[in-house]
Amino acid sequence: MLHSGTTQVVQGKKWSRLTILLISIVILETILVSLALVPAQLWTRILPDSSNAALDGPFPAVIAPVITGLLYLTPTIIGLLCRSWQRALLCATLPAWFGLGLFVIAATFKVGAFYLVASDHVTANVSVLELFAALGAIGWLMRPLVKLR
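Calculation criteria
Residues numbered from 1 in each chain as written. Predicted model: local features only at pLDDT ≥ 70, side-chain atom pairs only at ≥ 80, totals over all residues. Heavy atoms only, no water. Helix = DSSP H or I, 4+ residues; strand = E, 2+ residues; numbered from the N terminus. Buried < 20%, exposed > 50% of the residue type's maximum accessible area, 1.4 Å probe, protein only. Contact = heavy atoms within 4.5 Å. Areas by Shrake-Rupley, 256 points an atom, 1.4 Å probe, with all protein chains shown as cover. Expected span 1.5 Å × (residues − 1).

Peer 1: What is the right way to read the overall build of the protein from this model?
Peer 2: Assigned secondary structure in the protein consists of six helices and two strands. Of the regular secondary structure in the protein, the N- to C-terminal order runs β-β-α-α-α-α-α-α. With 149 residues in all, the protein has 26% of them scored as buried. Counting only contacts in the protein whose residues sit at least 6 apart along the sequence, the fraction spanning at least 24 positions is 70%. Only carbon and sulfur atoms are counted for the fraction: they give 69% of the accessible area of the protein, which is about 10300 Å².

Peer 1: Mind showing me how you'd approach helix 6 (residues 119-141) here?
Peer 2: Residues separated by three or four positions in an α-helix point in the same direction, a consequence of the helix having 3.6 residues per turn. Taking 1.5 Å per residue as the helical rise, helix 6 with its 23 residues ought to reach 33 Å, and the 32 Å between its terminal C-alpha atoms agrees with that figure. The complete set of buried residues in helix 6 reads Asn125, Phe132, Leu135, Gly136 and Gly139. Here the buried face of helix 6 lies against helix 1 (17-36), helix 4 (64-81) and helix 5 (85-111).

Peer 1: I tried to follow the environment of serine 34 on my own but got confused; where do I start?
Peer 2: Assignment of secondary structure puts serine 34 in helix 1. We classify serine 34 as partly exposed; its relative accessible area is 22%. Between the C-alpha atoms of serine 34 and tryptophan 97, which are 63 residues apart in sequence, the distance is 9.9 Å. Ignoring sequence-local partners within four residues, the contact set of serine 34 consists of Phe98, Gly99 and Leu102.

Peer 1: What is the right way to read the environment of leucine 55 from this model?
Peer 2: Position of leucine 55 among the secondary structure elements: in helix 3 (residues 53-56). C-alpha separation for the pair leucine 55 and tryptophan 43, spaced twelve residues apart in sequence, amounts to 9.0 Å.

Here it is, written out as structure tokens:
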């Protein structure tokens with residue numbers, strides 16, 4: 001048994017249902033963010049028969065509002081499921097960090113190596129990370145209101 005402050009790590013301990021749920025939601029959010037960051041022009045090339053591909057990407061127009069709601073709710077749920085605020089912020093921003101990283105790497109092929117450090121792009125990227133961090137923090141702050149085991 002390893003001790004680090006007040007946290008105990010037991011080797012060989014099975015993952016709890018809550019941990020598996022948290023990881024699943026982080027993966028779902030990562031997929032949603034990655035799909036949301038794909039440029040509209042690419043969706044119209046990939047889905048030429050879809051009239052809403054430029055607006056809604058690969059999702060039908062009927063469920064597009066649900067996808068938008070999930071983009072806002074999942075970081076909050078992630079924060080709610082985390083026991084510490086540090087983990088809440090990390091897990092809530094990880095999907096945005098990963099999705100933005102993929103987007104920036106893809107954009108450098110078209111725009112150049114300094115796409116990431118252009119002032120307007122830095123501001124937009126940081127704003128996305130701040131939004132996800134704030135939503136995760138709100139979820140973590142809701143923990144006393146929602147009793148989890």
